Every structure is written in C-alpha cells, then in structure tokens.
Amino acid sequence: MDLAHILPAGRRGRRLLWEFALAGEEQALPAFDEHPLRSGMFHAAYQVEACRGDSVVMFGPGAEVGRGIKLSVEELAELLNATELVAVTDMLLKAALERSVDAARYWQEPDGEDTLLASPVLAEPLQRIAGHIADSGNAQWWCAPVDLRSQFHVEFDQLDPSASVTLADRSVANELKRWKELLILTEARFAAEKPTPASANLGGDWWSMPSMNLVATSGIFADKQPLGLSCVEDGFGWEQAVTRAASVPPSVRILEISFAADWVRLCRKYGIEVTAGKRHDWYRTTGRDGSWVMPDWSLVAQHYDGVHLSVAGYLGLAGECLEVDENFASAIAGWDPDKTYWFTDEIRFYAEPVNWSCLDANSEARRWVCTTGQ
C-alpha cells in the first residue's frame, strides 16, 4: 500500500491532509482576508461538538452570529475541492504533521475536525490531496524503516531527573518487569470494581506504547530537527529540551510497525488483555465496546532489540480500532511518529548534547530553535 492510500485511511493521516490544504489557502490569500476553508471547518466542527454536548464555548465579537452558522459536510467538501494545492515542501509537510500529532486525543471522542474528516463525503477531496503529496516524492521517507545512523533522544525540561538516560543503573529488563507488574495490578484493580457501561465517565492509562521510562529515539526532519521535539502526542507545552545523538549497534533486531497486520500479529503472538483498564477510554475514541488487548512488551523484548513505528504507520493506524480476532481488538495510542523504543541496554550517547528552546510554546505558531553555540 502506498502513501496515497495510507494517508486517507487513518484519522491522523486525514488531519495531516487537511492541514496541508489549509496551508495552501494561507499562501493563496492575504492574512486578513476571509479564509473560507478554515472558517468553514471552524463552524462545522463547532456544531458537531456542541450537538454532542462537548464543553465548547464560542465567545467574543460575532459569537452570537457564529453560533448560528451551520455548514454541511457537503459544503465543506466543495470548499476543499475548490482549494488550490500548493507545491509540496518539506516545511509544509513538517508543519502539517506536527499539527496532526497535536490534535491526537485517545482518551476521549475525536474532536469535531477529526469527526468530520472521517465522513465518506470528504473521502474523494482528501484522496486528491493524498495523491498530490505522494506524487511529490517529498514524503517517501515516511514509509522507511528506522535509520540507525540518525537517531536522537529528547529530554524535556519537565522530565523527572531520575529518568535521565545518563544514569548508570538503568536496566531495560527491570523496567519492563516493573511495567508489566503495574499493568497487571492496574487491570486487576479495574476488574475488581463494579462493572459500568463503556460510556461511563471513567478512564485510566489510555496509551499502548512500551514504558515511558525506556530509552526512545526518533529520526530528523530535512532541517535536522529531531521529530521527537515537536511531534509528541499529549505534550505538556515544554519550553526547553536537550537532544542527544544515539549510537546504535548495527546488529540490533528491529520490529517495524507500518501496517495494521504488523500490530495485529504482535497482539496475537504476545498479547496481554487490558479490557478492564482501557475499555472506557478506547470506547470513547473508537466507538467499540468489547474486549481489548495490547502487546506484552516484556515478551516482545525477548525477541527484538527495538520497536519502530514509521511515520506512515502512525498516520494510518494511530487511534484506529484494529481487529485482532472475533473477540479482541487493539489500538495504537500514545505513540509518536518515527518513534523507536529500545529493549536493549546497548544504546549509547557519545556526542555532546544540543540545547533547544521553544518559541511561543503555548500557541499554534510554536517552533523549536537550537540554542547551543548561541
């Protein structure tokens, strides 16, 4: 399956396509002119969220009129079809990817924009954008396996210092043992409580990646910025970070996740049930009420040195309901694109750390700048 088919198949991919279209509109129209595509989605998404009872509020000048504006998904499709697609650049793709990752929220319903973008009415307009991006060739690296020659670890300013990769007493085996023990205890605690409807306002650990205390790395964008700086699901508005180039032994065994079958195979072979702990969160984000399973990373680590989720795999699979068998399903949640979690203690950091600062950290315009050497 190529990018043109992968991108419209997942909610993160569809959001990326939408963000790319918005970038085209921004380039074509003056900043203070009406932007029909952006404003159209704003009003349509507001109506979706307001109608289902989300705590959304429209206020300020013109709010009373704005609350009454209704835009159908068919009208949204017309606007999208009428939007001129600009030339694909690395910078535009980077911005679209970052904004798509920012919108991920797998502990609750998809936001209004993700909900609308899943409509079959928008399938053809989104497919046009996917083909445009795929034909450019700029995004082909999204499908590539992990590049062992260019891996970077990120430490943000709010991380617990005890989790630093520089500590000598870290042990992957011990960390995975603690991770599994906590998972089993959490599952038992939820299972012991009185069963409640899947729609009940309950939640727990909604993510399905390996322990956050493992060493994790990502590759770099064309501008040499590590993806792990700006492509983080459920980030905390960090303003400072340090990156370190990783030295990875060439003999490592990497498990690549690019397609649904890759994840499903993991769940069938190394699965551990997580229905009690994740049922409510994953019901809200997928709409499925049933039994759930995820990979037991402590078992996976006995056969692999690392697991890598490609950018394409992330865009096509993150947040989706992945059917494992007639009884169980699973979800990829809490991952970041191009992230590799390492199950080996052999990852080293020999190069000097590089310091970064985030400008406008709490706005859509935020960007990371390198401050080492300044």
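Let me begin by describing the structure that accompanies this report.

About the cut-offs
Residues numbered from 1 in each chain as written. Predicted model: local features only at pLDDT ≥ 70, side-chain atom pairs only at ≥ 80, totals over all residues. Heavy atoms only, no water. Axes fitted to C-alpha atoms, helices over the stretch in contact; angles between N-to-C directions. Helix = DSSP H or I, 4+ residues; strand = E, 2+ residues; numbered from the N terminus. Parallel < 35°, antiparallel > 145°, perpendicular 65-115°, else oblique. Left-handed = near helix turned anticlockwise from the far one by under 90°. Contact = heavy atoms within 4.5 Å. Nonpolar A, V, L, I, M, F, W, Y, C, P; charged D, E, K, R; others polar. Buried < 20%, exposed > 50% of the residue type's maximum accessible area, 1.4 Å probe, protein only. Salt bridge = Lys/Arg side-chain N within 4 Å of Asp/Glu carboxyl O.

**Concerning the packing of helix 5 (residues 73-82) against helix 8 (residues 123-136)**
Okay, step 1: It is the contact of helix 5 with helix 8, at a shortest axis distance of 9 Å, that shows an interaxial angle of 25 degrees. Taken together, the axes of helix 5 and helix 8 lie roughly parallel to each other. Note that helix 5 runs across helix 8; the crossing there is left-handed. Contact with helix 5, carried on its side by A77, L80 and N81, involves P125, L126, R128 and I129 of helix 8 and no other residues of that element.
Okay, step 2: Counted by class, the contact of helix 5 with helix 8 contains five nonpolar, one polar and one charged residues.

**Quick look at unusual backbone geometry**
Okay, step 1: The backbone of D234 sits at a positive phi, close to 55 degrees, despite the residue not being glycine.
Okay, step 2: Looking at the element boundaries, D234 is found in the loop between helix 10 (227-230) and strand 3 (240-245).
Okay, step 3: Residues other than glycine seldom take positive phi values, yet D338 does so here, at roughly 65 degrees.
Okay, step 4: Tracing the sequence through the fold places D338 in the loop between strand 9 (328-330) and strand 10 (339-342).
Okay, step 5: Overall, the relative accessible area of 9% leaves D338 in the buried class.

**Some words on the pattern of salt bridges**
Okay, step 1: Enumeration according to the criterion identifies 19 salt bridges in this entry.
Okay, step 2: One salt bridge in this structure joins E113 and R15, with 3.3 Å as the shortest N-O distance. Remark: R15 occurs in helix 2 (residues 11-28) and E113 occurs in helix 7 (residues 112-117); sequence separation between them is 98 residues.
Okay, step 3: Take E113: its relative accessible area is 21%, and that puts it in the partly exposed class.
Okay, step 4: Of the residues examined, R15 reaches a relative accessible area of 6% and is grouped as buried.
Okay, step 5: Measuring nitrogen to oxygen at the nearest pair gives 2.8 Å for the salt bridge that ties D281 to R284. Taken together, the positions of D281 and R284, both in helix 12 (residues 275-286) and three residues apart, correspond to about one turn of that helix. Each of the two residues, D281 as well as R284, counts as buried.

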